[in-house]
Structures are given as C-alpha cells and as structure tokens.
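So you can see what is in the structure, the chains are spelled out below.
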Number of protein chains: 4
Amino acid sequence: MIKRYLLPEIEEVWKDENKIKKWLLVELAVLEAQVEFSIIPKQALKIKDDLKDIDYNYLLKRQAEIEKEVEHDVIAFLMALEEISEYAKYLHYGLTSSDVIDTANALIIREALELIKKEYKEFIEILKEKAIVYKYSPIMGRTHGVYAEPTTIGLKFLNYYSEALRNLKRIEDSIEEISYGKISGAVGNYAFLSPRIEEEVMKKLNLKPEKISTQIIPRDRYAYVINNLVLLAENLERIFLEIRLLSRTEVGEFSEPFYEKQRGSSAMPHKRNPIRSERINGLVRLIRGYLIPIHENIALWHERDISHSSIERIILPDITSAIYYIIRLGKNIIKDLIIDEKRIKENMEKFGKYYLTQPFLLKLVQKGISRKIAYEWLKRISHTEYQHFENAIMNDSEIRNYLSEDEIKECLNWNYYKNVEEIYKRFGL
Amino acid sequence: MIKRYLLPEIEEVWKDENKIKKWLLVELAVLEAQVEFSIIPKQALKIKDDLKDIDYNYLLKRQAEIEKEVEHDVIAFLMALEEISEYAKYLHYGLTSSDVIDTANALIIREALELIKKEYKEFIEILKEKAIVYKYSPIMGRTHGVYAEPTTIGLKFLNYYSEALRNLKRIEDSIEEISYGKISGAVGNYAFLSPRIEEEVMKKLNLKPEKISTQIIPRDRYAYVINNLVLLAENLERIFLEIRLLSRTEVGEFSEPFYEKQRGSSAMPHKRNPIRSERINGLVRLIRGYLIPIHENIALWHERDISHSSIERIILPDITSAIYYIIRLGKNIIKDLIIDEKRIKENMEKFGKYYLTQPFLLKLVQKGISRKIAYEWLKRISHTEYQHFENAIMNDSEIRNYLSEDEIKECLNWNYYKNVEEIYKRFGL
Amino acid sequence: MIKRYLLPEIEEVWKDENKIKKWLLVELAVLEAQVEFSIIPKQALKIKDDLKDIDYNYLLKRQAEIEKEVEHDVIAFLMALEEISEYAKYLHYGLTSSDVIDTANALIIREALELIKKEYKEFIEILKEKAIVYKYSPIMGRTHGVYAEPTTIGLKFLNYYSEALRNLKRIEDSIEEISYGKISGAVGNYAFLSPRIEEEVMKKLNLKPEKISTQIIPRDRYAYVINNLVLLAENLERIFLEIRLLSRTEVGEFSEPFYEKQRGSSAMPHKRNPIRSERINGLVRLIRGYLIPIHENIALWHERDISHSSIERIILPDITSAIYYIIRLGKNIIKDLIIDEKRIKENMEKFGKYYLTQPFLLKLVQKGISRKIAYEWLKRISHTEYQHFENAIMNDSEIRNYLSEDEIKECLNWNYYKNVEEIYKRFGL
Amino acid sequence: MIKRYLLPEIEEVWKDENKIKKWLLVELAVLEAQVEFSIIPKQALKIKDDLKDIDYNYLLKRQAEIEKEVEHDVIAFLMALEEISEYAKYLHYGLTSSDVIDTANALIIREALELIKKEYKEFIEILKEKAIVYKYSPIMGRTHGVYAEPTTIGLKFLNYYSEALRNLKRIEDSIEEISYGKISGAVGNYAFLSPRIEEEVMKKLNLKPEKISTQIIPRDRYAYVINNLVLLAENLERIFLEIRLLSRTEVGEFSEPFYEKQRGSSAMPHKRNPIRSERINGLVRLIRGYLIPIHENIALWHERDISHSSIERIILPDITSAIYYIIRLGKNIIKDLIIDEKRIKENMEKFGKYYLTQPFLLKLVQKGISRKIAYEWLKRISHTEYQHFENAIMNDSEIRNYLSEDEIKECLNWNYYKNVEEIYKRFGL
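Residues numbered from 1 in each chain as written. Chains lettered and ligands numbered in written order. Predicted model: local features only at pLDDT ≥ 70, side-chain atom pairs only at ≥ 80, totals over all residues. Heavy atoms only, no water.

Caption draft 1: Structural view of the overall build of chain A. Tallying secondary structure elements over chain A gives 19 helices and six strands in all. On C-alpha atoms alone, chain A measures out to a radius of gyration of 30 Å, which is more than a quarter above the 22 Å that the 2.2 N^0.38 rule sets for 429 residues. Summarising the internal contacts of chain A: among those between residues at least 6 apart in sequence, 76% fall at separations of at least 24. Accessible surface computed for chain A: about 13500 Å², of which carbon and sulfur atoms make up 48%. Of the charged side chains in chain A, 66 are positive and 68 negative; the average position of the first set lies 5 Å away from that of the second. (Helix = DSSP H or I, 4+ residues; strand = E, 2+ residues; numbered from the N terminus. Rg over C-alpha atoms; globule rule 2.2 N^0.38 Å. Contact = heavy atoms within 4.5 Å. Areas by Shrake-Rupley, 256 points an atom, 1.4 Å probe, with all protein chains shown as cover. Lys, Arg positive; Asp, Glu negative; His and termini not counted. Charge placed at Lys NZ, Arg CZ, Asp CG, Glu CD.)

In structure tokens, the structure reads:
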C-alpha cells in the first residue's frame, strides 16, 4: 500500500521483518515439537541460544542475496540461518516451505484482522453514540433520493450500527476461519511427520491444525476472509455515501469537519468539499476489486500450483491496510461530524407537507374507501398542491366527505416516531 | 437462466407464480396479525374465502396488465386483488411494497438455498464415498503441475470433502442470514405498524424480524449469501479442473463417463472430451462474475434507492440455478468417474523414481550433513539421472559415504501413506 | 435476458432460430465454395432445393431430440439435416463445429451490435439536441457535490455527447473487430481445407478471414467488444446518475417524466421517483460484472478448451439485450426530461453568491497580491458571509485596498459563459 | 507496486519526483502561453530562472509539510513554489488543480505506455522468431486437453503472435486515447481562460486538447486504456498457461529455463517447477481485478467528484508496473524456452495413431457414405483400438468395402501441414 494510506500499526504487520519473525517462530515451534517427539536430537534446541540476539535486518539482507541465486525465498531464509547457527540444519525437518509460509500467514493475517477488529469496534462505538444522541432528532426519510416520510437521525445511525454488528461478527468468524496452520509436508500426507507434531505445533502457536491440506492451506479460507473484509468496507461505503449526499449544498444537513487551515480547491477559495468521505468511497472500490483475484486463487492445480502467491503478496497487505485506513479516517469523520439540525428542520418544511399522505390513505381505508380510490385522491392533492398540502386537504370536498377536521389534524400531526423506543430496545439501547 | 442449464425444481422456485404466492402469503400473514391486534376489522379475514380457489395465472395476467399503466408491480398486484375481493382493501395496511417483496424474497431465496443444500449434501456424500474407496490407492502427488511425491486418490477426495464441509456450513449460515423479514413500513420506522406486528408475522412465516431496516432489508445480507454461493461453486471449479487435468491424453488417469451414443467432435470421430467438467469450469466464471454487482448493491441512497432491484431480478435466479445445475452435473460425473488405476501406476513409474529425494535429504541431515549440501547432492542426482535414480543413488560415492545399502533401500521404499489412517480419523472415517 | 428487459428486435437476434439460420448460411457458403473449388461434386448444390422451404422450428425440434443422445449441438444439427436432404452429407466437409459456430457468432454479434449502434445514434442525437437547446441556460456547476461555479445545462449535455461520440467510435471498432470468421478446421491448420476456401466463404458472408486461428476465433476479440459495450453502458450510468442527483427533492432541477396513471409507491401516494434512471444505474452494474467472466475466457488450453462456451451462451445475449434496453429507455427519458429552469435559477441564488470567489482571486493576483494571501481573504469571506457575500466583499477593508468598486462589480458579474461558443465550435455546433 | 515486481525504468515513471516535474512542466507551459496571450506580465517568465536549479526532493519535502495543513496536494505544491520564487503567483492563473493533474497524468501514463509498448514489441519479436524457427516442427494439437490432430509448434507461436499484434495496436490506440490534456478551469467552461490557451499549451506538451471536459478529463479514457492493458496481460496469461500445461511431467514438451543454482522446493531436491510462468499467471489475475474499480470511476457526480483519485494513485502505477514486469519476465522465459522435440515426437506416437480419423471420415463421405454412418465406424475403431489403429483400420471389413489399401495409406500419412506456408504468407513471413 502506498504511504499515503498506510497507518504505522498495520505497516508493522506486513513488514518483511515481521514475516521472517513469524517464519522463525513456526520453524522453532516445529523444532521443539520434534525434540519432544525425539525425532531430532535434543541439542537442536541450542539454536535458540544462537539466535537469541538475531538481527532481523541482517537476516533479511542475507536472505535477499541468497534468494537471487536460488530463486526461492524459504530456502534462502534457511541457508541464511545455516550461516548463523550450525543447528539450523535441524530446522525444517520434514517440512515443505508452505508449512512455514502458510502457518506464518495465519499468524500475520490474524494480527491484521485483530487490528481491524479493534479499530472497527471503536468505529461502531461512535455509531452507537450518534444513534443514542440523535435518537429523536427528526430528519426527512428519503427513498429514491426524494422525500418519503419523516424519520430520525438516530435511526439512520442505528441502521449502520446494526449492519456493523453483523460485520463485526463476520470479522470474528474470519479470525476463526484463518487461524489454521499446517505441518503436513510436501503434498499434505504427513509422509515424514506425524499429525501429532502438527497438533503440538499449532498448540504452541495458538492455532488449529488444518484437518487435511495439500501442500498448502486451502484458499477458500482466504477468499472467505476477503469476502467479509469487503462487506465491512461496504458498510463504510454506505455511510460515507450518505454523508456525501447530505453534504450537498442544497441539502446541507451533514458536513465533514473542515479544519482551519484546510483548503478545498486551488481555484475556488469558497470550496469546502467532503473529500475524506469521497476518498473512502474511492478506496472501497479498490477493495471490492480484490474480490475477484482472491477467488480466482481457489482452484489451484492438483496438490497446489503457486499462481496464488504473487497476488497474495500484494493483495493481503493492500486490502487490510486500506480497510484499516478507512476505518480510522471514517471514525474521525463521524466523531466530528457536523449535523445541522436547524437546516434539517427547514428542509422538512420548505417544500410543503405533501409527504403526509400515508396517514390519510390508511384512515380513508378504515372508513371503507377502496385503497385504489383513496390513493388517487391523495396522489392528485399531493402532486398538485404540495406547497399548500395542509390547506388543500382540509378543503378537499372528497376528503371532507369522509374525514372530520379532527381526523385530518390527527393525520397532519402524525407521530412518526412512536415506535422508536421499541426499535432501540431491540438493541438494548 | 437459459433453459439449457435450468433444472425443473429450481425453475419452480423462481417462477412468477411462486413469487406472487409468497407475496400473498406475506400479505395474509400481516392481515391476520392486524386482525389479532384489532387494527383492522375481523371481517377482513373473509378475504381468505374469496381467494381460496385463486387462479395464480389469472392473477399474474391481470397484474401484468395493470402494471403497464401504473408502472409498479406490487400496486398492480394489490389492484388485481381488489378486483377479486372487496376485502383486499385491508391488505397492505400500513405496509410499503418492500415489506412484502423483501419478506417474500427471504422465503424464496431460502427455498433456493434449501434445494442447493440438499443437492450439495448428496454431492458431498459421493466425495466421501470416493475418499473411502480410494483411501489407500496410490497416485502421484503433483505440485506446480510436476511430480512431487506419492499420495493417495482418497486423500485428494478427502481434501475436496473437507472444503465442501466448510461450504456446507457456509450455506447453512447463509440460510440463517437470509431468513429475516421486515414489516417496518416506508422508511423503516414503524410509523403505522408496531414492531409487534412484525414479530407476529415473522413467527407465522418462520422468519426472524430484521431488528432495524430502512425501506428494505439491508443488502449486505444478500452479498453475504452470494459470497458463500460463489465459494461453493469454486469448490466444484477446483474439483473439475483437477478432473480435466487428469483427463489429458498424456495423463489419462481420470475420465468423465462417455455415453454410448455421445459424440465428441463433428470433425474428429476419435474425440472423447471432458466437456461436462469444462462446462462446470465455465459456469463458475459466470457465477464468480456476479460477486461484483451484488456487492455494488449495498451502498444505496438514504432509506433506499431502487437501483438494486433490476440486478436482483436477474442475478438471484441465475446464480442459484447455475449452482444447482453444476452440483447436479458434477455429482453425476463423480459418481460415474472412471479412474484408471493401472494407468496411474504406470505414470508413477515410467519417468523413474527420481521423486524419492526427500527421505534421503532427511536421512542425510540426521547423519549430520548440512541441509544445504545434502540438497545439492540430491538435486544433482535427481536432475541428471532421473530415469535411473535408484541405481544412481545406490552407486553415488558421496551418498554411500553416509548411507548404508539398507538405509538407501529404506528411503527407496518409503511408506508415504503411513499417516493416512490418522488423517481419516480426524474426519471420523 | 428476462422478458422484462428484453426488446423484441434484439430478442430476434438471439433466438435459436436465428442461430441455426446463421449456421446453415455458413455451411451453405462453405458448400458452395467447395463446389467452386471442385472439392465436392456439383450435385451437392441440390441441397439448396431440398432446404428452400425448410421449417426452422421443425429443424430445431429434431436437433434438440438428437442432441439429447449425441450431446453435441452441431452434430445434432447436421444429423437432422441429413434426415431432410441426402446431400447434407456434403455439408461440413473438412470443417470442425467451431468453424460454423464462431463464424455464425460473428454474424449474430454483428447484428446485435448494429442494433445497438442504431439505437445509440438516436440517443446521441437527443443529447446533441439538448446541448443545443440549453446551450446558454445557466445551471450551477458542482464538484464534490457542492457548488463550484456557474456553467450551462448545454455544456453538461455536450460533455455526455462528447463521451458518447467516443463510444460510438468504439462500437464501430467493435463491429470491425468481431467481423472475422474462420474455416480453418479442427486445430486451425487447414489440414483439410485451403485458406482460399475460407477467404471465399468470408467474402460471401461479408466477413474477413481470421489470419490464424486455433479451433476457434481467439477470444480477445470478444473481450474487446465487451469492454467497449461496458464503456457505452457507463456513459448512460453517468448521465442517469446525474439525473437522479438533480431529481432529489432539495435540488428539483431535472425530473423524469411521470405518466398520468403511474404510481410511485404502494404506501405513499405523494411519491414521484426517478425509477427509470435508477433501473439504468442498476442494469449497468450487471453489465459491468460481465467484464470479468469474458476476460477469463481468453486463456483457453492449447488449441482450445470449451470452458468459454457456457458463459457465452448466457452473457452475449444478456449484455447486448440489457444495453439495448437501457439505451431505448434512456433515450425516452432524456427526450421527455423535465428541466425546471426556474428552480435552477432559484438554486443558484438562494445560498448567496459566495461561489464568485475565483474572479477576485485572479484580479488580486493581477494586482500583485500573493496567491496564498488572496486565497486566505477570500476563503474567510466566503465561508463566513456566504449569504451576504456581495455586501461583505464590497465592504471588506483588505479587498477594498486593492480593488475599486467597479472592479468588484466586474467580478460579481463575471461572465462564466464567454467561451461557450468556442467550445461548441469544436463540435461544429 | 511492491519492490519484488518493480523494474527500475517504470519505477522512475511513477516516482513523486516525476509527478511534480510534470506538474511544473504543465504550469510553466500555461504561464508561457499566458504571457504570449498577454494575460499575465512578461516578467512572469523570470520564474524559469528561479527554478532552473530546483531541487525536486526539497520541493517534495516542502510540499508534503504544507499538505499536512492544507490537505490539498496541488495547493501545497504551489505554496512551496511561492516560497522559492515570487513569480510563482503567476502560476496556475485561472487554473483548477485538475488542469495540472490530469494533463500531467496524460504525460505520465503515456510514458508508462511507451515503456510497455517498447518491451512488448521485443516480446512480440521473440514470438515471431519462435514461429519462424518452429514453422514445420510437428506437435500434437490438443482440444479439451486431449489429442485432436497434429499441428506445428510454429503455428502455436504464430497464434500468440497474431493476438499480440492486435494488442500492440490496442496499446497504440491507448497512447492516442490518453494523450489529451485540459486547461478548461474549475467546471470545464473556460470561464477564466480561452480555449486558445489550452490549445497552445497542448501543442507545447505534444498533447491534444480535450474538446470538452468537466473539472477533469473524462474517465472513460482511463478505463479504455486499462481495458487494453488487461487484454495485453491476458495474451501472456494464455501463453504461459500453455507453457505450464506443456511442462507437466507427463507431457514434458516445453520447459522454463532452470538456472544452475536455482532450487525448486525446500523439501524436494528433485523439483523443477515452472514458477515464473505461474507467477505471470498469478499477476494477470491481479491485473484483471483492476478492471472493475477503474470502470466504477467513470460515473462521477456532476462536474466531478474526487472518489476516483485514491484508486488511481494505486492502480495506475500498480497495473502498468505489473504488466511491464510480466512482459520482461515472459520475454526471458520464451527466449530461453526449452522445447524438447524428441519428447514431442514420442508423445505423438505412444498412444497410437487413433487420432487420424478425420481423413477417413472425409474420404468415406466422398465415397458416398453418409457422414453419420462413417462417423460411427470411425468412432468405434478409434475408441476401441486406439493403440493399434493402423492395423485395425486396414483390416476393418466395413472400411475395406469402400477404401483401397492405397487410400487407407494416404489417410494414415495425411499431410497436416500442407497449408502452413499459406498461413505464414498472410503475415508476410
């Protein structure tokens, strides 16, 4: 991921240094288990002394140099270790590279997901707060982009919150789904290693053993995780699209914070643009695009081909970094979001109350009018007299045949919020 | 879905007739609940008598005619019902169209998923059978498309089986995820209906109420379901890619059944092509392509815009029908799959035993040789003497400095299958 | 494509009847050429008599019956013809099925593209008309969804028109790109047919010969065509997204025609929704999704595998039908588009003239103020005094140090349209 | 793009340094044109002296610092320049940031495309060489992965070459398509700049003026370019999938060069894997995935929203770098490709000559047998007697009723290459 959208915590996760740390962690866990099972001699453990002050940058450098010759990263890593410790020959005993890479991947991806989960939980907390604060603050509900019926700002946030809770669950499922390692050897049949070793290693690493694998962990797990990450990103896509729509000059109900020294345009000093929300909307497109290549990685040949590898080197860091970035950015936008309740109220009034048709429709049906006819009347009045709807309906002879003045007033003052309490209760709020 | 790939059971699910049946089911459940809650008069129930012999084809025809004028399918549906029963005016009381459509959608999609689940379970059963039957049948394990080390046919199927079990779980999760309805009104705030009505209706329909909705059920649920369907399809993609690879003339290990009157080519009478596996591989590409549009449907405007609707009318039937079709087709291929064990054995032998290097590598490391050096020796021998590997290694002076004849024989007769039992036990097989 | 979005002209193109008509056309062109080249006897031409009153529906029916046995559509087609004419045995001489299918595909896809091109040209004509009619009609230009600077309605349409002209060119390129056939036999090496036959056949069919092919026409041609169709669709996506944005209640500048009997919502009689524009926006997502599977079809195995075939049976009709449908629908929307110039004028005024900052910025720079400082002043005034910008700027002491009253008035009355004529001239308008 | 897949020439193109160089180039071209048109004073040209020894790294650093405050990269760039030269205030006169960014983008993308084009031409040259060298070298033609009929290695390469020529043309079209700049101001109406300035600037930059723009160059141009780049990548996908298929152990006809010190597997010293071809196949999936986000960027709001920007910052460098990398890698693979003609010959013979059915089919039809019956005979013989096809057919009583020994021999010795010369002539080879 380019620097511009890369936060330091997640940058750490995807650094080469962390990768080889995890590789070594896996190799050492295997070595220990093999000593326990008396497969390799006890003295192999001395490697831990030799490596206790290891300089990972030096190791990376040597690995890179050797890799140029052997064209294989794990082999180069092992050869570099053999230069440092004579006991390194006991590493990787009976393993194939992917035993190390994929098990380490599980650890690394889990770290990335844990970061995302933590950040998203904070994001969700802010959605909840907004839902609580604005529980009863009216705002026009819009469908198809046009006025429908009144609702509350709080309910908007509660909708996002509810979707976010589903995504949080999905991230937790993803952490479970990815927490599988394998030490099953070159074609996954444990020809040189017993499944017990694998089980022991996974215990040490706080992972679960993949019940059966080929040379690698099956890639449907990765695609499952990306599926869920994309869904999470699309929760933000929806929220920040909403903010952009409500930030339009003609609407003016929500706006992103605009900082004192910030400038909106090189040409137009008057501009205040919702650029952060737009940036989120853009990055979500990028994130969504990764769905396809990750899914194309599942059907590998036989016991595996390596065509998935180059993609994963790029996509896994990029998608998790981009998601981490947009959650952080999004959290800050929502936290400081400017909500102009005065403007919201004006917007609800300035085009007339023509949107109050539904109470009349239902009342007329109760009076015995067919739905079809009642609808026609209300459509006519609301479409032609929208600016003076209240008067028009009060004086409409057909309506007045069925509804009293009090009944009309009841409809005109309909309480659209009467069930808000009930909805919040469903969330324990 | 075009007829060619459309099986009758799933065709039924997506017929317009089933759709309006489900619409009516939802409307009547609401009407009953509203009578129970004394919101509409008891006599409204008489509609059930009026509709008890309803001709759905007639209803569809009238709806279509009316829709041409009003350009709204649910309104047309209601107007057609008003022609049939005077009590139809009590239908849809306080509802918005999407209360009906989305709740009915949940029922319909669930029906489709249940069909898929049932078919997939049979598919899985056959994978399991093959895994059991071929548990100890050797086959060359291949990585990168080239010989790696021996494994068993059963392990191949067990891998697919294991992946399939994950997908079965995902389909079950999808059924749970989609089994939510909503009766929350035009902007989702229950302004004319209490949440209790919704809860009552969902109980009648064996659905759960969406805790909070906009005008519609949030579309992350749909994308979640499609994600999982695509993963399922990709399980088949992987299996049938394998079959295609093993069907190559030079490999000849697996082949699709070829029926007596079947013809492979209009030009070449000798041809026997794995066309069914290829068809599955093709259809999976189509299925995967639907990921993107369904994900683009999540971020709708405000309380909803209707841009998702046209896509869903096409994709939901198409993707479920295509998946149902490939599972059925795939099941039949695997059931009658021709596995040529004689050819498999020949293939394992005809290029020499050069692939037996790993036991030597490990044995040499045990003898104290560095991994790096042992690797070099074995690479040299296997790359130059692959056809006569057994002799070459027995006579290699460097190897013989470290390994006795018996040790070499042990390596040459390595039992690659010694842990197969353990793996199967993990599945209770 | 489902009936709902299928127009009759394009439905004809994709009917099975048209397909076998084209197959027969190709087969007969080959037969004629082979008679000319004395490869088959002259009497073979008698097949034309036998087939002159052929009932294509009967032929389709027999083909379908035979296909069930032989599992190959072209073979079934030929066997059905052999039942009708004894000379049918001279058909397909030296051909492989794909010689027929792909050459016929070129004819069919070209028909579909020609329909699309014709409809799109009418669409473009209407864009041009709107551009001309509204050439000087002011409207607020918006970037980031917020007010930027004034522009004209005509320029909006001219932008779409300009993009559409590029797409028209791309469709023409696509017609050229797809107009290639092949009669090169089973693996594309003309082992039983000379390239001269192919050239002769293509002349008869008004196609060009593919210079070299495998068993099939290379699929990059298909992907190229779909690429361009998607770009065309996205021209409509952009236009109808604009209309939806300008149809928002708070904006109210553009609106779709709303027909007298049309109903917007089952719950809310007041609703007038831009459903047709939304439908277009939805269908474009579907169309875009087809990019991926069509691109996945290029890398087939060796001289071809058939995995592309099932996808193409679905996507080619669906994407061309959907595009044809949205162009027709879009054309009708634009033709009857309601443009509320009064509302547009109000919108330009009701939030103040704060957006007139740029003329001041440039004037101040001309006076020697640094860009940075001038920007700060104007940002301050426009952000704090937007509703009274004209007064505020006239009375701002810093501004007044540099600009005279006349200069300020000049800026406040800036002619944003002075180069409109020049732009139109570039299009010969 | 991660370092691993980033070649230095293309890295230069996408460096920030090159970006601001191009920005400055555009700004200075505008400044010069405005001096020529007497819009700004002649002394403005002195900025060129002030900037002649400019340290771009310093400029980048200052820009980055200022951007943190103003949150706008072009403004920060201009403010940094104002610190260096007092005449910098004359820069950007009447411009909006996108005038600079998009015009510079055209220059940068063109540089990237020119690099790609140059590298691809070399790649194509090597395809052509291989086509020439192996013009008459037989190889089995395969369809559906199984033996079809003989063809030549040269024809394989000629197919790729032919596709590549189409892609080369598409890259040239893309260079033309992207070579458009704009200096049309904030909403594209030239309110502060005449179109003549734009024309003059574009002449200086060797670009063409976009006839009409919004705030930005319309993004269908970008999508068009990416479409074509993806097609180019898929040419490589096809070629290297072929190489992988032909590298399979059982096939063994083609193989990637394997360098002396290269190691194939950490576990299995015998392994020689086609890892470079697999890497190309993987990266093409990544490249294809970018289609969707770039297409989602076309339909921006009104005169533009900025949601496209973050994506483009990532995708444009990544896709061009990845493509440049795979062409280079691919070129080297093909150049040193090991083609084992001995093995190819063996493969053509070891399963029998059963694939020689077509000449018999055609000969029998010429003798008056119906195609259907002749087909049945040949299917029977080739399916049951494939290993002894020659004998079987010579002794088949039904065949012998119609064909003499000489005729049978003619068929068994069919010259499948008789039209190879003609095909090559079509390419002037």
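Here the narrative resumes.
Caption draft 2: Examining the side chain of Arg 166 of chain B more closely. As for its position among the elements, Arg 166 of chain B is in helix α7 (residues 153-178). Taking the relative accessible area as the measure of exposure, Arg 166 of chain B reaches 13% and is therefore buried. (Buried < 20%, exposed > 50% of the residue type's maximum accessible area, 1.4 Å probe, protein only.)

Caption draft 3: Examining helix α14 (residues 357-366) of chain D more closely. Taking burial as the measure, the ten residues of α14 of chain D include nine buried ones, the bulk of the element. Considered for burial, the residues of α14 of chain D that qualify are Thr 357, Gln 358, Pro 359, Phe 360, Leu 361, Leu 362, Lys 363, Leu 364 and Val 365 of chain D.

Caption draft 4: Spatial organisation of the pairing of strand β2 (residues 146-152) of chain B. All names here are of chain B. Within β2, seven of the seven residues are buried, which leaves it mostly tucked inside the rest of the structure. With five bridges joining them, strand β1 (residues 138-143) and β2 adopt antiparallel strand pairing. Note that in β2 the partner of Thr 143 across the bridge is Val 146. In textbook terms, the turn of a hairpin is the stretch between consecutive antiparallel strands, and for β1 and β2 this stretch comprises two residues, one of which, His 144, has a positive phi near 60°. (Pairing = 2+ DSSP bridges.)

Caption draft 5: Structural context of the relation of the copies chain A and chain D. If you rotate chain A by 180° and push it 0.0 Å along the axis, it lands on chain D with an RMSD of 0.0 Å. Expressed as an axis order, the relation between the two copies is that of a two-fold axis. When C-alpha distances to the rotation axis are compared across chain A, the minimum falls at Gly 289 of chain A, with a value of 2.7 Å. Here 100% of the contact residues of chain A are again contact residues in chain D; the copies associate through an equivalent surface. (Least-squares fit on C-alpha atoms with pLDDT ≥ 70 in both.)

Caption draft 6: The arrangement of the relation of the copies chain B and chain A in detail. Structural alignment of chain B on chain A gives an RMSD of 0.0 Å, achieved by rotating through 180° and translating 0.0 Å along the axis. The share of interface residues of chain B whose copies in chain A are also at the interface is 100%, consistent with both copies meeting through the same surface.

Caption draft 7: Seen up close, the interface of chain B and chain A. Each side of the interface is counted separately: chain B has 100 residues, and chain A has 100 residues. Summed over the three residues of chain B that lose the most area to chain A, namely Phe 192, His 302 and Arg 426 of chain B, the buried surface amounts to 10% of that side. Put simply, chain B and chain A have 16 salt bridges between them. Arg 170 of chain B is the partner of Glu 177 of chain A in a salt bridge, and the nearest nitrogen-oxygen pair spans 2.5 Å. With 15 residues, the top contributor of residues to the side of chain B that touches chain A is helix α9 (residues 220-247) of chain B. Taken together, the residues of the side of chain B that touches chain A break down into 45 nonpolar, 25 polar and 30 charged. (Buried area = accessible area lost by both parts, 1.4 Å probe. Salt bridge = Lys/Arg side-chain N within 4 Å of Asp/Glu carboxyl O. Nonpolar A, V, L, I, M, F, W, Y, C, P; charged D, E, K, R; others polar.)

Caption draft 8: Structural detail: the packing of aromatic side chains. Applying the stated criterion to the full structure yields 58 aromatic pairs over all chains. With a centroid separation of 6.2 Å and an interplanar angle of 70°, the aromatic rings of Tyr 147 of chain B and Tyr 355 of chain B are classed as edge-to-face. Here the residue Tyr 147 of chain B occupies a position in strand β2, and Tyr 355 of chain B occupies one in the loop between α13 (341-349) and α14 (357-366), the gap between them amounting to 208 residues. For Tyr 147 of chain B, a relative accessible area of 1% corresponds to the buried category. With a centroid separation of 5.7 Å and 75° between ring planes, the pair formed by Tyr 147 of chain C and Phe 351 of chain C is classed as edge-to-face. Here the residue Tyr 147 of chain C occupies a position in strand β2 (residues 146-152), and Phe 351 of chain C occupies one in the loop between α13 (341-349) and α14 (357-366), the gap between them amounting to 204 residues. (Phe/Tyr/Trp six-rings, centres within 6.5 Å; stacked < 30°, edge-to-face > 60°.)

Caption draft 9: The arrangement of the confidence of the model for chain A in detail. For chain A, the average pLDDT comes to 96, and 100% of its residues sit at 70 or higher. Interface confidence for the predicted complex, expressed as ipTM, amounts to 0.96; the pTM equals 0.97. (pLDDT = per-residue confidence, 0-100.)

Caption draft 10: Layout of the pattern of salt bridges. This model, assessed by the stated rule, comprises 223 salt bridges over all chains. Here Arg 263 of chain A makes a salt bridge to Glu 376 of chain C, at a shortest N to O gap of 3.1 Å. Of this pair, Arg 263 of chain A sits in the loop between β5 (254-255) and α10 (275-289) while Glu 376 of chain C sits in helix α15 (residues 371-384), placing the two residues on different chains. Look at Arg 263 of chain A and you get buried, because its relative accessible area is 5%. Here Glu 119 of chain C and Arg 328 of chain C are joined by a salt bridge, their closest N and O atoms 2.8 Å apart. With Glu 119 of chain C in helix α6 (residues 97-133) and Arg 328 of chain C in helix α12 (residues 307-335), the pair connects residues that are 209 residues apart, well separated along the chain. It is possible to trace a salt-bridge network through shared partners that takes in Glu 9, Lys 118, Glu 119, Glu 122, Arg 328 and Lys 331 of chain A.

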